[in-house]
Every structure is written in C-alpha cells, then in structure tokens.
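This is what each chain is made of:
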Amino acid sequence: MYVILEKKNKYKLKDKNFLNTINGFLFGSKNKGYKIAGEQVTSLTIYNKKLAHPIAKKQVNHKYNRLLALLTDLLVSDDASGECYKEALNQIERFRQIIKNRYRDYLTKKELEIMGKNLSMFQKEAKNRFMELQNTLSRTSKKSSCK
C-alpha cells in the first residue's frame, strides 16, 4: 500500500535570471555519451565544486602531462631557426589561458602554484635558448657582411 503526500515548496525563486548566472563545470562532449540510470547523456554540467574538483584535476593533469612531453621534445630538438622555442612558448601560454578561463575555479591554489612554477621554469629555459640563438645568428650575420 502506498500513501501519496503533497508537500508544498517553501522556497520560491525570486529572480529567474539567477539560474542563468550559475556557473558549472561542463563535463562530457557532444560525441561521447554516458549512460546514467539507463538514459544516454551527452553533456553534463556539474555545479557542485566538490564534485567537479576530481574530474577537473584529472583532465588538467592529463593535459599538463601531454604539454610537458611536448615541451621536452621541443626544447631538446636542434632547430637552427628557433621555431621550436617559439612553439614551446606559444604552447605554455595557451595552456595558461585554458587553465585561467576553464579550470581555475575548480582547482586548489596549491595545484595551480605547482603547475605555474614548473611552467615558468620551462618558459625561462625556452626564452633563454631563443635569445642565445638570436644572438648567435646576429653575430654570424654581422661577420659575414663586413669586408
């Protein structure tokens, strides 16, 4: 036997635009779907920061590890034109912007500081190598143009 109770909602929504201003962490993609309780869900928005933290941390760590592998390859390569150093600087800046715009609210300060320190170290190394390469290229061009 079942009993149906009608409960009135004691909270009323005063501002309907408030729902549009709530920021959430978009999880999932248009192409990949998830099954939740037998229903196919393609994109999911998580509004609770405690629930979004582990997911955001996993995604950022995956992107961060890929970036570190790319940076080590770029900084080790022997490119005479310096394009690899420019690419390394561009990738570092691109990653910083992604973190700033998309994941900053869901990660802790400590995690952001650790990643920032490591990236700044790679950025300084790329800048130094690029400047050394520019200096050597300018010296060789000056010597060859003199009579």
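Residues numbered from 1 in each chain as written. Predicted model: local features only at pLDDT ≥ 70, side-chain atom pairs only at ≥ 80, totals over all residues. Heavy atoms only, no water.

Describing the overall build of the chain
Inference 1: Scanning the chain from terminus to terminus reveals four helices and four strands.
Inference 2: Taken over the C-alpha trace, the chain has a radius of gyration of 25 Å; the compact-globule value for 147 residues is 15 Å, which it surpasses by more than 25%.
Inference 3: Projected onto its principal axes, the C-alpha positions of the chain cover 105 × 35 × 25 Å.
Inference 4: Residue pairs in contact within the chain that sit at least 24 positions apart in sequence constitute 61% of those at least 6 positions apart.
Inference 5: Roughly 12300 Å² of accessible area belongs to the chain as shown, and the carbon and sulfur atoms make up 54% of that amount.
Inference 6: Here the chain contributes 31 positively and 14 negatively charged side chains, and the mean placements of these two sets differ by 7 Å. (Helix = DSSP H or I, 4+ residues; strand = E, 2+ residues; numbered from the N terminus. Rg over C-alpha atoms; globule rule 2.2 N^0.38 Å. Contact = heavy atoms within 4.5 Å. Areas by Shrake-Rupley, 256 points an atom, 1.4 Å probe, with all protein chains shown as cover. Lys, Arg positive; Asp, Glu negative; His and termini not counted. Charge placed at Lys NZ, Arg CZ, Asp CG, Glu CD.)

A short note on the nonpolar core
Across soluble globular proteins, nonpolar side chains have a tendency to be buried as a group.
Inference 1: If you look at the biggest cluster of nonpolar residues, it comprises 28 residues, and the most contacted ones within it are F25, V60, L71, F95, Y103 and L119.
Inference 2: Mapped by element, the contributors of at least two residues to this core are β1 (25-28), α2 (49-76), α3 (83-103) and α4 (109-145).
Inference 3: In terms of residues, this core owes the most to one element, α3, which gives nine residues.
Inference 4: Aside from chain neighbours lying at most four places away, what touches F95 is V60, K63, Y64, L67, M115 and L119. (Core = buried A, V, L, I, M, F, W, Y, C linked by side-chain atoms within 4.5 Å. Buried < 20%, exposed > 50% of the residue type's maximum accessible area, 1.4 Å probe, protein only.)

Structural notes on the pattern of salt bridges
When their charged atoms lie close together, side chains carrying opposite charge are able to pair.
Inference 1: Under the criterion given, the structure shown has three salt bridges.
Inference 2: K86 is the salt-bridge partner of E83, the closest N and O atoms lying 3.8 Å from each other. Taken together, the residues E83 and K86, both in helix α3 and three residues apart, mark about one turn of the helix.
Inference 3: With a relative accessible area of 37%, K86 lands in the partly exposed category.
Inference 4: A salt bridge links R129 to E125; the shortest N-O distance between them is 2.8 Å. Highlighted residues: R129 and E125, both in helix α4, separated by four residues, approximately one helical turn.
Inference 5: The partly exposed category is assigned to E125, whose relative accessible area is 34%. (Salt bridge = Lys/Arg side-chain N within 4 Å of Asp/Glu carboxyl O.)

Observations concerning the side chain of Q91
Inference 1: By the element assignment, Q91 lies in helix α3.
Inference 2: Its relative accessible area of 17% is what places Q91 among the buried residues.
Inference 3: Among the polar contacts made by the side chain of Q91, one reaches the side chain of E87 at a distance of 2.8 Å.
Inference 4: The contact partners of Q91, leaving out residues within four places of it in the chain, are L67 and L70. (Polar contact = N/O pair within 3.5 Å; in protein donor to acceptor, adjacent residues only side chain to side chain.)

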